[in-house]
Amino acid sequence: MDYENAEKILEVKHLKQYFNVGKADEVRAVDNISFDIYRGETFGLVGESGSGKTTTGRAIIHLYEPTSGEILFDGKNVDSFTSKQDQHDFRQEMQMIFQDPYASLNPRMKVKDIVAEGIDINHLAKDDADRTKQVEDLLETVGLNKDHSSRYPHEFSGGQRQRIGIARALAVNPKFVIADEPISALDVSIQAQVVNLMKKLQREQGLTYLFIAHDLSMVKYISDRIGVMHYGRMLEIADADEIYAHPLHDYTKSLLSAVPVPDPEFERTREEIAYDGSGENDGKERRLVEIAPHHWVRAADDEVAMYKQRAQEASLIKE
Amino acid sequence: MDNEKDILEVRNLQVNFKTYAGDVKAIRNVNLDLRKGETLAIVGESGSGKSVTTRTIMGLNATNADIVSGSILFKGQDLLKKSEKEMQAIRGQDIAEIFQDPMTSLDPTMKIGRQIAEPLMVHKGMKKEKALAQALEMMKLVGITDAENRINDYPHQFSGGMRQRIVIAIALINYPEVLIADEPTTALDVTIQAQILNLMKELQDKISTSIIFITHDLGVVAGMADRVAVMYAGKIVEYGTVDEIFYNPKHPYTWGLLSSMPTLDSSGDSLPSIPGTPPDLLDPPTGDAFAARNAYALKIDTEKEPPFFKVSDTHYAATWLLHPDAPKVTPPAQIVERQKKYAKMQKDWLAAQKASTPIEEEEEQQ
């Protein structure tokens, strides 16, 4: 990752997203996380279910009202978009691809109307002919046929539906796309097709992705940088290759050690590393500390030395 | 292959589903053997027929299923000839199943102790107190913490991983001879998945069950299976030991599956993917069903169905590429890497064998 010329497109600062605030069943789904996403990169967000990765994505696109904290998109606070016009513009620039291609398309709408909904709302088409042309171009971009435009979602397979979902997200020419587990509902052979399509579109249109997933090998493949979440907190952020080769936080180590690898010889000798999460709640003040260049780990003040030591052993820093 | 060790033999199985659009040919002539104490993994995409195969074994198919032909021999008896009542006595007693979704496969209104004890009461006519005591033992065995206090809890009070442990406890309480696990960890997180898989291996050693393991995750297969069968469009296209399938695959579909999964070392601009989608089984194509998506397809693939060609005593693949007259092709780069690794592993293995028997080595040198 080239940090020299990197320009921030999204800044998340001390984001907290609590549910049922003040009640007995208060849930701290996202608890004070901060990170930046650079223009043109793919930032992967991984974690177990309940770690708060989906909530983070939804808070960024403002489907929730954050409990506290700031989200800056292109330098502007997302919370400050109060007028209808500002909100329109924001939603045009940021789009979402959803997890379930079966539930996220309206079964009563034709594909062309699903894809064109954003075009209509944002008045991006001059006339009907232009609208039709835009839809057909989009369908072609995602590898579908223009004849498909007058069909209904149930006539398509899961992989094709996910392509429709991608075409819909791209219809309004977004800069930033949040993809929430876009491939986990698809078959292995189809997953590779969709991931290749997303990479191709990123190259051609300069898109920035926030890629949320629990499939760690796929996340590593598609991401430039990766953030690891657990219990609503960000535990480690680093370049994709580095975090996989040299994880510093115990939780990241444990998570990576549990990934099944399609290699019987490797599997026979694999050892899982157990992780005890109770240490995270010992009352110590913790924050993300840059242990090695661009490698951040959540640590208390008295743990920094230990992580530095680990980084040295992995020769991430020289002393 | 009438083997003494085979506990389950599926022969020439054909299953159609009657729909308004016509007959969906879901299983098209499947043959399978399950040996005592082994884990056989069936891999394939959704719609390839892996779940229908096992549901036919269990006698749990939907009412529009039509078993056209075939037999399923369990210890010499044909399960397809059994009445529903006889099957009820077998299910949960001799053959048990772990279902995919732990959220929906438990009864939400019944205490979990009772759910685990139920197979004992139904099949063995055990009294409730005794069955519950045994259920408690089983809960401890599958690693449910604080079992004494949780035996009267309801499913919604447990996490997904714990619920799957409960499902496993129910399936294993009668020590079944065959356990069918249909995507048992697909709904779980990787760390929980690792725990459940370890638990299954441990329990298999303890009660020596044979397992049919259905999954689409090749990583899980590599860790769990002794033998692997690859299914495509209602047929088995390749089967062999886990090493043979992962290091020396012969069928282009297996090549595609293995290369389209990124490993933690993958990089580059695009993943090798299998183009297109699986065929419509209402009207399966003539010849090899995979031909339309196969970069290595030969002319004969569209005309005639390939038979199984023997690779080794344990390894068979249905592809014309193995025919003596077929042109030589180079598999995808990732597969070549795997074959190299396999060759090296075999060399090391032979070297280790030689080292342990030095006398033979001398003879060979002469």
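Treat the numbers as computed from the prediction; the structure is a model and nothing was measured.

Reading guide: rules and limits
- Residues numbered from 1 in each chain as written.
- Chains lettered and ligands numbered in written order.
- Predicted model: local features only at pLDDT ≥ 70, side-chain atom pairs only at ≥ 80, totals over all residues.
- Heavy atoms only, no water.
- Helix = DSSP H or I, 4+ residues; strand = E, 2+ residues; numbered from the N terminus.
- Expected span 1.5 Å × (residues − 1).
- Buried < 20%, exposed > 50% of the residue type's maximum accessible area, 1.4 Å probe, protein only.
- Contact = heavy atoms within 4.5 Å.
- Axes fitted to C-alpha atoms, helices over the stretch in contact; angles between N-to-C directions.
- Parallel < 35°, antiparallel > 145°, perpendicular 65-115°, else oblique.
- Nonpolar A, V, L, I, M, F, W, Y, C, P; charged D, E, K, R; others polar.
- Core = buried A, V, L, I, M, F, W, Y, C linked by side-chain atoms within 4.5 Å.
- Bend = angle between axes of the 7 residues up to and from the residue.
- Salt bridge = Lys/Arg side-chain N within 4 Å of Asp/Glu carboxyl O.
- Phe/Tyr/Trp six-rings, centres within 6.5 Å; stacked < 30°, edge-to-face > 60°.
- Left-handed = near helix turned anticlockwise from the far one by under 90°.

Focus: helix H6 (residues 160-172) of chain B
All names here are of chain B. When the terminal C-alpha atoms of H6 are compared, their 18 Å separation across 13 residues agrees well with the 18 Å that a helix rising 1.5 Å per residue should span. Most of H6 is tucked away: 11 of the 13 residues are buried. In the core, the buried residues of H6 are packed alongside strand E6 (95-98), helix H3 (112-124), helix H4 (128-141), strand E7 (178-182) and helix H7 (190-207).

A word on the packing of helix H3 (residues 111-121) of chain A against helix H5 (residues 158-170) of chain A
Residue and element names in this part refer to chain A. Interaxial distance between H3 and H5 falls to 7 Å at its minimum, and their mutual angle equals 30°. Classified by the interaxial angle, the pair formed by H3 and H5 is roughly parallel. Within the contact between the two elements, H3 uses Val111, Ile114 and Val115 and H5 uses Ile164, Ala167 and Arg168. Residues of the contact of H3 with H5, tallied by class, amount to 5 nonpolar, no polar and 1 charged.

Brief notes about the environment of Phe99(B)
Residue and element names in this part refer to chain B. In this fold, Phe99 is placed in the loop between E6 and H3. What makes Phe99 partly exposed here is its relative accessible area of 36%. Once the C-alpha coordinates of Phe99 and Leu60 are considered, the two residues, 39 residues apart in sequence, prove to be 12 Å apart.

Remarks on the nonpolar core
The biggest cluster of nonpolar side chains holds 55 residues, and the ones touching the most others in it are Val115(A), Ile164(A), Ile166(A), Met198(A), Phe211(A) and Ile226(A). Sorting elements by how many residues they give to this core places helix H6 (residues 188-205) of chain A first, with 7 residues. Setting aside residues up to four positions removed in sequence, Ile226(A) forms contacts with Phe43(A), Gly44(A), Val46(A), Val219(A), Lys220(A), Glu236(A), Ile237(A), Ala238(A), Ala240(A), Ile243(A) and Tyr244(A). One finds Phe158(B), Ile173(B), Ala181(B) and Phe213(B) within the second-largest nonpolar core, a separate group that totals 39 residues.

Side note on H3(B)
All names here are of chain B. For H3, built from 13 residues, the straight-helix expectation of 18 Å at 1.5 Å per residue is met to within 8% by its first-to-last C-alpha distance of 19 Å. At Glu118, H3 shows its largest bend, some 35°, and a proline, Pro119, comes one to four positions later. Inspection of H3 places Ile112, Gly113, Gln115, Ile116, Ala117, Pro119, Leu120 and Met121 among the buried residues, and these make up the whole buried set. Buried residues in H3 make contact with H4, helix H5 (147-150) and H6. Gly125, located one to two residues past H3, shows a positive phi value of around 60°.

A short note on the pattern of salt bridges
All names here are of chain A. For the structure shown, the criterion picks out 42 salt bridges over all chains. Where Arg233 meets Asp31, a salt bridge forms, and the shortest distance between an N and an O atom there is 3.9 Å. You can see Arg233 sitting in strand E10 (residues 233-239) and its partner Asp31 sitting in strand E2 (residues 27-38), a full 202 residues away along the chain. With respect to class, Arg233 is no different from Asp31; both count as buried. As a salt-bridge pair, Lys175 and Glu93 come within 3.4 Å of each other at their nearest N and O atoms. You can see Lys175 sitting in the loop between H5 and strand E7 (176-180) and its partner Glu93 sitting in helix H2 (residues 84-93), a full 82 residues away along the chain. Owing to a relative accessible area of 30%, Lys175 belongs among the partly exposed residues under this scheme.

Side note on the packing of aromatic side chains
To describe a pair of aromatic rings, you give the distance between the ring centres and the angle between the ring planes. Residues and elements named next belong to chain A. Scanning the model with the defined rule gives 15 aromatic pairs over all chains in all. With centroids separated by 5.2 Å and ring planes inclined at 65°, the aromatic side chains of Tyr251 and Tyr275 adopt a geometry described as edge-to-face. Of this pair, Tyr251 sits in helix H9 (residues 250-257) while Tyr275 is found in the loop between helix H10 (264-269) and strand E11 (286-292), placing the two residues 24 residues apart along the sequence. The class for Tyr275 is partly exposed, based on a relative accessible area of 23%.

Quick word on the packing of H3(A) against helix H4 (residues 128-141) of chain A
Residue and element names in this part refer to chain A. It is at 10 Å that the axes of H3 and H4 come closest, and there the two elements cross at 115°. One finds that H3 runs roughly perpendicular with respect to H4. Judged by the sense of rotation from one axis to the other, the crossing of H3 with H4 is right-handed. Here Val111, Lys112, Asp113, Val115, Ala116, Ile119 and Asp120 of H3 lie close against H4, whose contacting residues are Arg131, Gln134, Val135, Leu138 and Leu139. For the contact of H3 with H4, a count of residues per class yields 7 nonpolar, 1 polar and 4 charged.

So yeah, pure geometry; function would need other evidence.
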